[in-house]
Protein chains: 2
Amino acid sequence: MDLYEAIARRRDTRAEFTGEPIDPDVLGRILEAANRAPSVGMSQPWVFVTVRQRATLESFRSHVLEERAVFAAGLEGERDSTFSRVKVEGICESGLGIVVGYDPTTAGEQVLGRHAIADAGLYSVCLAIQNLWLAATAEGIGVGWVSFYREAVLSSLVGFPPHIRPVAWLCVGTVASLPEVPDLERFGWRGRSPLSAALHDERYAG
Amino acid sequence: MDLYEAIARRRDTRAEFTGEPIDPDVLGRILEAANRAPSVGMSQPWVFVTVRQRATLESFRSHVLEERAVFAAGLEGERDSTFSRVKVEGICESGLGIVVGYDPTTAGEQVLGRHAIADAGLYSVCLAIQNLWLAATAEGIGVGWVSFYREAVLSSLVGFPPHIRPVAWLCVGTVASLPEVPDLERFGWRGRSPLSAALHDERYAG
């Protein structure tokens, strides 16, 4: 698939998973794409844990639904009723979770480009996630990033030691199709804003 | 360009800039690709400042060279001599810096998906950077991410208010060609490791 097409067709997928297992070769290409991301000082500070066991998926889903309720409790009026229509996860339906972690120790103490910006390693992990997401889109596979969770709970679930920080739970799976319009736009939560809203010339203009 | 080709050909560019200005339509497509990235709660929390003024480029470059010296001062033996061959920036040669910032206020207080993970907005900004980088690669444009700087210095340079965090300075410019092999591998700083080093099944295996 053409790059610009992949960028345009990529969706945060929640309701469209069919549950059909992903071809292992396809999954391999998607993960290889992630591993080819840029990383500060070539540190490749990412960790991927593929989770398929039903008990683990269900346990994570229970936690996510609790956190969904925490967020909902802070909403009122139109925001509350709009949010009630939004599906925030496809953890069990997708059949596969890819837990992405940040391991700052992969390249020793002296990571080129990280002495002044400690979070540069964390940024690299996110670049890998976007490569994964675009590759999945090109393969016709859906990806949904779930962030309704507490990091300590996810760490415990997949056995991350204290130095590894969980960055994402990605629901990854076969889909009937990818929606044309993002869910949050479709359900009236929030629409997209144009590039002009974010672009400044020479200096930030407020 | 095919997505997988863009992923494979993307390089962190430092020495290959020609200084020829980028076609405005090309730059527009690259920035639009960034603006189409996924973002938590559709918050699009990114800010882009395009910097071309010579005085600003030179001022930032001076700061980066100071920080390069700070990092070098902590190296010894082979690491020190290997690093001495590594070029860490192409700030003036590229002719264009794109400063990317994270603005947590773009979508109000209640950002869907950010109540439990405060950094989810920061992650979104990184996804936008990877879209930008791949689009530039597809357009034959070089991108070099510079992270040898102190955030406060960069904020001051482009006028970010305290609530906007600088995430990257990207040198963006026309290149003679993109290197086949990453600089850090070519200069013997560090090679790439295979996916298998990062991949775990069901639980993190140490």
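Located above this text is the structure these notes cover.
Cut-offs applied
- Residues numbered from 1 in each chain as written.
- Chains lettered and ligands numbered in written order.
- Predicted model: local features only at pLDDT ≥ 70, side-chain atom pairs only at ≥ 80, totals over all residues.
- Helix = DSSP H or I, 4+ residues; strand = E, 2+ residues; numbered from the N terminus.
- Rg over C-alpha atoms; globule rule 2.2 N^0.38 Å.
- Buried ≥ 20, exposed ≤ 12 C-beta atoms within 10 Å, placed from the backbone.
- Expected span 1.5 Å × (residues − 1).
- Contact = placed C-beta atoms within 7 Å.
- Nonpolar A, V, L, I, M, F, W, Y, C, P; charged D, E, K, R; others polar.
- Pairing = 2+ DSSP bridges.
- Core = buried A, V, L, I, M, F, W, Y, C linked by C-beta atoms within 7 Å.
- Least-squares fit on C-alpha atoms with pLDDT ≥ 70 in both.
- Axes fitted to C-alpha atoms, helices over the stretch in contact; angles between N-to-C directions.

### Brief notes about the overall build of chain A
Consideration 1: Along the backbone of chain A there are eight helices and five strands.
Consideration 2: Taken from N to C terminus, the helices and strands of chain A fall in the order α-α-β-α-α-α-β-α-β-α-β-α-β.
Consideration 3: For 206 residues, the compact-globule estimate of 2.2 N^0.38 gives 17 Å, and the C-alpha radius of gyration of chain A, at 18 Å, lies within 12% of that figure.
Consideration 4: Seen through its C-alpha atoms, chain A measures out along the principal axes to roughly 50 × 50 × 40 Å.
Consideration 5: Residue burial in chain A is summarised as follows: out of 206 residues, 51% are buried.

### Looking at unusual backbone geometry
What you tend to see is this: most non-glycine residues have negative phi, and most peptide bonds are trans.
Residue and element names in this part refer to chain B.
Consideration 1: Non-glycine residue methionine 42 carries a positive phi angle of around 55 degrees.
Consideration 2: For methionine 42, the location among the structural elements is in the loop between α2 (24-35) and β1 (46-51).
Consideration 3: Methionine 42 sits in the buried class, given 22 other C-beta atoms within 10 Å.
Consideration 4: Non-glycine residue glutamate 202 carries a positive phi angle of around 70 degrees.
Consideration 5: Here glutamate 202 is to be found in the segment after β5 (199-201).
Consideration 6: A count of 14 C-beta atoms within 10 Å places glutamate 202 in the partly exposed class.

### Points about helix α6 (residues 120-138) of chain A
All names here are of chain A.
Consideration 1: Helix length check: α6 (19 residues) gives 28 Å between terminal C-alpha atoms against 27 Å at 1.5 Å per residue, within 8%.
Consideration 2: Taking burial as the measure, the 19 residues of α6 include 19 buried ones, the bulk of the element.
Consideration 3: One or two positions beyond α6, positive phi appears at glycine 140, with a value near 75 degrees.

### Describing the interface of chain A and chain B
Consideration 1: Counting residues at the interface gives 77 residues for chain A, matched by 76 residues for chain B.
Consideration 2: Split into classes, the residues belonging to the side of chain A that touches chain B amount to 48 nonpolar, 15 polar and 14 charged.
Consideration 3: Relative to β1 of chain B, strand β5 (residues 199-201) of chain A is paired through three bridges, and the arrangement is parallel. By the bridge assignment for β1 of chain B, aspartate 201 of chain A is matched with threonine 50 of chain B.

### Some points on the environment of phenylalanine 48 of chain B
Consideration 1: Among the structural elements, phenylalanine 48 of chain B can be located in strand β1.
Consideration 2: Given 21 C-beta atoms within a 10 Å radius, phenylalanine 48 of chain B is considered buried.
Consideration 3: Counting along the chain gives 107 residues from phenylalanine 48 of chain B to serine 155 of chain B, while the straight-line C-alpha distance between them is 12 Å.
Consideration 4: Apart from the residues within four sequence positions on either side, phenylalanine 48 of chain B is in contact with Ala198, Leu199 and His200 of chain A together with Leu31, Ala34, Ile98 and Val100 of chain B.

### A few points about the nonpolar core
Consideration 1: Grouped together as the largest cluster of nonpolar side chains are 129 residues, with contacts concentrated most on Val100, Ile129 and Leu132 of chain A together with Ala34, Val100, Ile129 and Leu132 of chain B.
Consideration 2: Ignoring any residue separated from it by four or fewer positions in sequence, one finds isoleucine 129 of chain B in contact with Leu127 of chain A together with Ala34, Val100 and Ala168 of chain B.

### Focus: the relation of the copies chain A and chain B
Consideration 1: When chain A is fitted to chain B, the best match, at an RMSD of 0.0 Å, comes from turning it 180 degrees and sliding it 0.0 Å along the axis. What the rotation and shift describe, once combined, is the action of a two-fold rotation axis.
Consideration 2: When the interface residues of chain A are mapped onto chain B, 97% of them again lie at the interface, so the same face is used by both copies.

### Here we look at the sheet that holds strand β2 (residues 97-102) of chain A
Consideration 1: With mixed pairing, five strands are arranged side by side in an open sheet as β3(A)-β4(A)-β2(A)-β1(A)-β5(B). In the strand order of this sheet, the two ends are held by β3 (141-146) of chain A together with β5 of chain B, each with one partner. Across the sheet, the mean angle separating the axes of adjacent strands is 25 degrees when strand polarity is ignored.
Consideration 2: Note: β2 of chain A against strand β4 (residues 165-174) of chain A, six bridges, orientation antiparallel. Its bridge partner lying in β4 of chain A, isoleucine 98 of chain A is registered against leucine 170 of chain A.

The values are spatial; any link to function lies outside them.
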